[in-house]
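Understanding the architecture of this molecule
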Amino acid sequence: MTDKPINWIGSSLEDISSFPENTRRKAGFQLRLVQRGEEPTDCKAMSVVGVGVKEIRIRTEDAYRVFYVAKFEEAVYVLHAFQKKTQKTSKMDIEIGQRRYQQMLQYRKSKE
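Only a predicted model underlies this, so the values are computations on that prediction, with no experimental measurement involved.

On inspection of all chains with the given rule, the structure shows four aromatic pairs. The interplanar angle of 50 degrees and the centroid separation of 4.6 Å between the aromatic rings of phenylalanine 19 and tyrosine 64 together place this pair among those described as tilted. Taken together, the residues phenylalanine 19 in the loop between helix H1 (12-17) and helix H2 (21-35) and tyrosine 64 in strand S4 (residues 63-69) connect sequence positions 45 residues apart. Each member of the pair, phenylalanine 19 as well as tyrosine 64, carries the same accessibility label: buried. Both rings, one in tyrosine 77 and one in tyrosine 107, keep their centres 6.4 Å apart while their planes meet at 70 degrees; by these two values the pair is edge-to-face. Of this pair, tyrosine 77 sits in strand S5 (residues 76-84) while tyrosine 107 sits in helix H3 (residues 91-110), and the two are 30 residues apart along the sequence.

Here it is in structure tokens:
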């Protein structure tokens, strides 16, 4: 099976690129699993963001998160990547994920 391509929504690629190197490497490894149709080693559903959205949890000296959607045949969509500063995901990060989820749906509709 070939890897699904990744479509980066909004500034998600730049956001991951700004992670510290070891965190970026871990995020890349987890996304590669997703591209191959496998589950990341630490993830959870984030239905508050959108249907089918999951969150990769990366723990280094800090906590980082990557929201993605992998339920579509054509690609993995990365919606948002950020450093988590508190126990609870911030309202702002959830809203960014929700906005980008809508952008992803619009993008997919325009490709039909």
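Another aspect to go through is the pattern of salt bridges. Throughout the structure, instances matching the rule amount to ten salt bridges. In this structure, the salt-bridge partner of aspartate 15 is arginine 100, at a minimum N-O distance of 3.8 Å. Placement of aspartate 15 in helix H1 and of arginine 100 in helix H3 is noted, with a sequence separation of 85 residues between them. Arginine 100 carries the same exposure label as aspartate 15, and that label is buried. Across the pair lysine 54 and glutamate 39 runs a salt bridge whose closest N-O atoms are separated by 2.7 Å. Here the residue lysine 54 occupies a position in strand S3 (residues 53-59), and glutamate 39 occupies one in the loop between H2 and strand S2 (43-45), the gap between them amounting to 15 residues.

With that out of the way, let us pick up the side chain of glutamate 55. Locating glutamate 55 in the fold gives a position in strand S3. The exposure class assigned to glutamate 55 is buried, which follows from its relative accessible area of 1%. Setting aside residues up to four positions removed in sequence, glutamate 55 forms contacts with Asp42, Cys43, Lys44, Met46, Arg65, Val66, Phe67, Tyr68 and Thr89.

This part covers the environment of glycine 97. By the secondary structure assignment, glycine 97 is in helix H3. By relative accessible area, glycine 97 is classed as buried at 0%. Separated by 26 residues in the primary sequence, glycine 97 and lysine 71 have C-alpha atoms spaced 16 Å apart. Excluding residues that lie within four positions of it along the chain, glycine 97 makes contacts with Val49, Phe67 and Leu79.

This part is about the sheet that holds S4. One open sheet accounts for five strands, arranged S1-S5-S4-S3-S2; its pairing is mixed. Whereas interior strands pair on both sides, the edge strands pair on one side only; in this sheet they are strand S1 (6-8) and S2. Between one strand axis and the next, the sheet turns by 30 degrees as a mean value, whatever way the strands run. Contacts from H3 reach S1, S3, S4 and S5 within the one sheet, and its direction differs from that of S5 by about 165 degrees.

The rules we used
Residues numbered from 1 in each chain as written. Predicted model: local features only at pLDDT ≥ 70, side-chain atom pairs only at ≥ 80, totals over all residues. Heavy atoms only, no water. Phe/Tyr/Trp six-rings, centres within 6.5 Å; stacked < 30°, edge-to-face > 60°. Helix = DSSP H or I, 4+ residues; strand = E, 2+ residues; numbered from the N terminus. Buried < 20%, exposed > 50% of the residue type's maximum accessible area, 1.4 Å probe, protein only. Salt bridge = Lys/Arg side-chain N within 4 Å of Asp/Glu carboxyl O. Contact = heavy atoms within 4.5 Å. Pairing = 2+ DSSP bridges. Axes fitted to C-alpha atoms, helices over the stretch in contact; angles between N-to-C directions.

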